[in-house]
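Spelled out, the chains give:
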Amino acid sequence: MAFKKLINSKTILSFFAAFMLFGTNLLMAQTPATAAGTGEDANQVDWTGVAYYVLIFFLICLGVAVIGKILKIYDLTLKIQGKKGLKWNNVMGFICLIFLIAGLYGAYWSFTVQGSMTLPEAASIHGVKIDEMFTVTTILTMIVFFITQILLFGFLFKYRHSDKRRAHFLPHNNTIEKVWTIIPAIVLTILVVFGFFTWQKIMDDTDAKGEPASINIDITGHQFAWELRYPGKDGKLGPKSFKLTTAANKLGVDFTKKSSFDDLSADTMYLPVNRSIKLNIQAQDVIHSVYMPHFRVQLNAVPGLPTYFKFTPTITTADMRHKLDDPKFEYLVYCNKICGGGHYNMQKVVRVVSEAEYLEWLSRQKPYLTDGLKKELHFADAEPQKAVSQNRLALNN
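Cut-offs and rules
- Residues numbered from 1 in each chain as written.
- Predicted model: local features only at pLDDT ≥ 70, side-chain atom pairs only at ≥ 80, totals over all residues.
- Heavy atoms only, no water.
- Phe/Tyr/Trp six-rings, centres within 6.5 Å; stacked < 30°, edge-to-face > 60°.
- Buried < 20%, exposed > 50% of the residue type's maximum accessible area, 1.4 Å probe, protein only.
- Lys NZ or Arg CZ within 6 Å of the ring centre and 35° of its normal.
- Core = buried A, V, L, I, M, F, W, Y, C linked by side-chain atoms within 4.5 Å.
- Helix = DSSP H or I, 4+ residues; strand = E, 2+ residues; numbered from the N terminus.
- Contact = heavy atoms within 4.5 Å.
- Expected span 1.5 Å × (residues − 1).
- Polar contact = N/O pair within 3.5 Å; in protein donor to acceptor, adjacent residues only side chain to side chain.
- Disulfide = S-S within 2.5 Å.
- Axes fitted to C-alpha atoms, helices over the stretch in contact; angles between N-to-C directions.
- Parallel < 35°, antiparallel > 145°, perpendicular 65-115°, else oblique.
- Left-handed = near helix turned anticlockwise from the far one by under 90°.
- Patch = residues over 30% accessible without salt bridge, like charges linked within 9 Å, V, L, I, M, F, W, Y side chains within 5 Å.
- Areas by Shrake-Rupley, 256 points an atom, 1.4 Å probe, with all protein chains shown as cover.
- Salt bridge = Lys/Arg side-chain N within 4 Å of Asp/Glu carboxyl O.

K.L.:
Looking at this structure, I do not really get the packing of aromatic side chains. What am I missing?
P.N.:
The geometry of two aromatic rings is summed up by the distance between their centres and the angle between their planes. Across all of its chains, the model carries 15 aromatic pairs by this definition. Measuring from ring centre to ring centre gives 5.2 Å for phenylalanine 155 and tyrosine 159, while their planes differ by 50°; the resulting arrangement is tilted. Classification of phenylalanine 155 by relative accessible area gives partly exposed; the value is 49%. Overall, tyrosine 159 belongs to the partly exposed group, its relative accessible area being 47%. In textbook terms, an aromatic cluster arises when at least three aromatic residues are bridged by ring pairs, as seen for Tyr230, Tyr270, Tyr358 and Trp361. The ring of phenylalanine 157 has arginine 160 sitting right over it, with the charged end atom 4.6 Å from the ring centre. For the cation-ring pair, lysine 278 lies above tyrosine 308, with the distance from its terminal atom to the ring centre recorded as 4.9 Å.

Here it is, written out as structure tokens:
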């Protein structure tokens, strides 16, 4: 019966749920270096690391339970001897005080240790505004966090039960209700309004007067890669249709339109610095997410629902390497949705260069319309017929 009661207890179920969640998070956080190996090494998981943290968590829980049992036995011993038992209200009050101190230290540790792991300065115009909004929101929430936690645990300690005083029951107070409703509403409204205007400016697809037109770049996600397409000399990307997708025409580009013929394919995303970029985002199979953290860019790629994101890079790759003192640094575009087994490797290099370097690189890119695609579309058959007709015209003359 005791074993059955233990199994059915909420404590053991809560511990099991926490164990599963903690273990799953650790497994998902394994570095892709393990999977990058070959053979059996690619499927191995560092169970030693997982078991270590799970064991630490289990020992902490066991230690708390043992201390609780010791205090309870001590309390019963005092009562058997005819003495007053432990003042459990005092015990709980001091435990709350310990939780407060430990929590405040944890917050301090998080700011000092994990805070140093933040991204470097934003490398885009809108990224600076997003960082400002994030900083303001973080400061406000931290102020509220420290005030509420100090008051919560401080009051539990200071006003723990005592036979020398009686608690005052306050059933309702309109003033207090108004204060903790109106003030958060005003703060949240201000944050939302500023966020709305920032988002509206980012998602505005019209180019400002007097500025060069945005560079349209197609980025299409599929398991497990990004496909890039750049416009040719006409500056326009040809339309696409999923019905036209084949092995040679992976993106389903419609070659009945003239603007499609000079489109270019690329393996690396090159961006000219201080030029507006419009990413046309699509997915071919499952939901992916275009994630470029250094530019503060993230937007889902949804099958059947084309989306876009406009931004202006402001720091070249060379300058960022100098700022970070890392000669091997590269901007990257990731997939920020867990889209399958190869999700971790779904990334491409993004290189921000000067306008001259960008144009020189663009001139060396291969056309999307390859010889294989021409053959598939029967463009090769049309060329001899055109040559024969020209010869006949020459003979007639």
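K.L.:
For this particular structure, what's the right way to read the nonpolar core?
P.N.:
Nonpolar side chains in soluble globular proteins tend to end up buried together. The biggest cluster of nonpolar side chains holds 41 residues, and the ones touching the most others in it are Tyr230, Leu279 and Met292. The element contributing the most residues to this core is strand E5 (residues 277–283), with four residues. In this structure methionine 292 touches Met269, Leu279, Val297, Phe311, Leu332, Val333 and Val350, once residues within four positions along its chain are discounted. Judged by nonpolar contacts, the second largest core, of six residues, contains Leu251, Phe255, Tyr368 and Leu369.

K.L.:
Explain helix H6 (residues 174–202) to me, please; I cannot follow it from the model alone.
P.N.:
Note that an α-helix has 3.6 residues per turn; residues three or four places apart therefore point the same way. Counted at 1.5 Å a residue, the expected span for H6 with its 29 residues is 42 Å, and the 42 Å between its end C-alpha atoms agrees. Within the span of H6, buried status applies to Gly195, Thr198 and Ile202. Buried-residue contacts for H6 involve helix H5 (125–158) and strand E8 (307–311). One side-chain oxygen of the residue at the start of H6 lies 3.0 Å from the amide nitrogen of threonine 175, identifying that residue as asparagine 173.

K.L.:
Honestly, the state of the cysteines in this entry has me stumped. Any pointers?
P.N.:
Two cysteines joined by a covalent bond between their sulfur atoms form a disulfide. Counted according to the given criterion, the structure contains zero disulfides. Its sulfur unpaired, cysteine 335 is 3.8 Å from the next cysteine sulfur, which belongs to cysteine 339.

K.L.:
How should I be thinking about the environment of alanine 248 in this particular structure?
P.N.:
With respect to the secondary-structure elements, alanine 248 resides in the loop between strand E2 (225–230) and strand E3 (264–266). Remark: the alpha-carbon pair of alanine 248 and lysine 374, spanning 126 residues in sequence, is separated by 9.2 Å. Apart from residues no more than four positions distant in its own chain, alanine 248 is found in contact with Tyr368, Leu373 and Glu376.

K.L.:
I'm lost on H5 in this one. Help?
P.N.:
Look at H5: 50 Å from first C-alpha to last across 34 residues, which is about the 50 Å you get at 1.5 Å a residue. In this structure, the buried residues of H5 make contact with helix H4 (88–112), H6, strand E7 (297–301) and E8.

K.L.:
For this particular structure, what's the right way to read the packing of H4 against H5?
P.N.:
Helices that pack against each other are described as a pair by the angle of their axes relative to one another and the distance between those axes. Where H4 meets H5, the axes come as close as 7 Å, and the angle between the chain directions of the two elements is 160°. It follows that H4 is roughly antiparallel to H5 by the angle criterion. As for the relative orientation of H4 and H5, their crossing is left-handed in sense. Contacts between H4 and H5 involve Gly93, Phe94, Cys96, Leu97, Phe99, Leu100, Leu104, Ala107 and Phe111 from the former and Met142, Phe145, Phe146, Gln149, Ile150, Phe153, Gly154, Leu156 and Phe157 from the latter.

K.L.:
Where do I start with a nonpolar patch on the surface in this structure?
P.N.:
A surface patch of nonpolar side chains, about 1000 Å² in accessible area, is lined by Tyr52, Tyr53, Leu55, Ile56, Phe58, Leu59, Ile60, Leu62, Val64, Val66 and Ile70. For leucine 55, the location among the structural elements is in helix H3 (residues 47–80). The exposure class of leucine 55 is partly exposed, given its relative accessible area of 47%.

K.L.:
Sorry, what's going on with the pattern of salt bridges here?
P.N.:
Two side chains that carry opposite charge are able to pair once their charged atoms sit near each other. Across all of its chains, the model carries 10 salt bridges by this definition. The partner of aspartate 263 in a salt bridge is arginine 229, with the nearest N and O atoms 2.5 Å apart. Highlighted residues: aspartate 263 in the loop between E2 and E3 and arginine 229 in strand E2, separated in sequence by 34 residues. For arginine 229, a relative accessible area of 1% gives the class buried. Shared partners join several salt bridges into a network, and the residues in it are Asp218, Arg229, Lys240 and Asp263.

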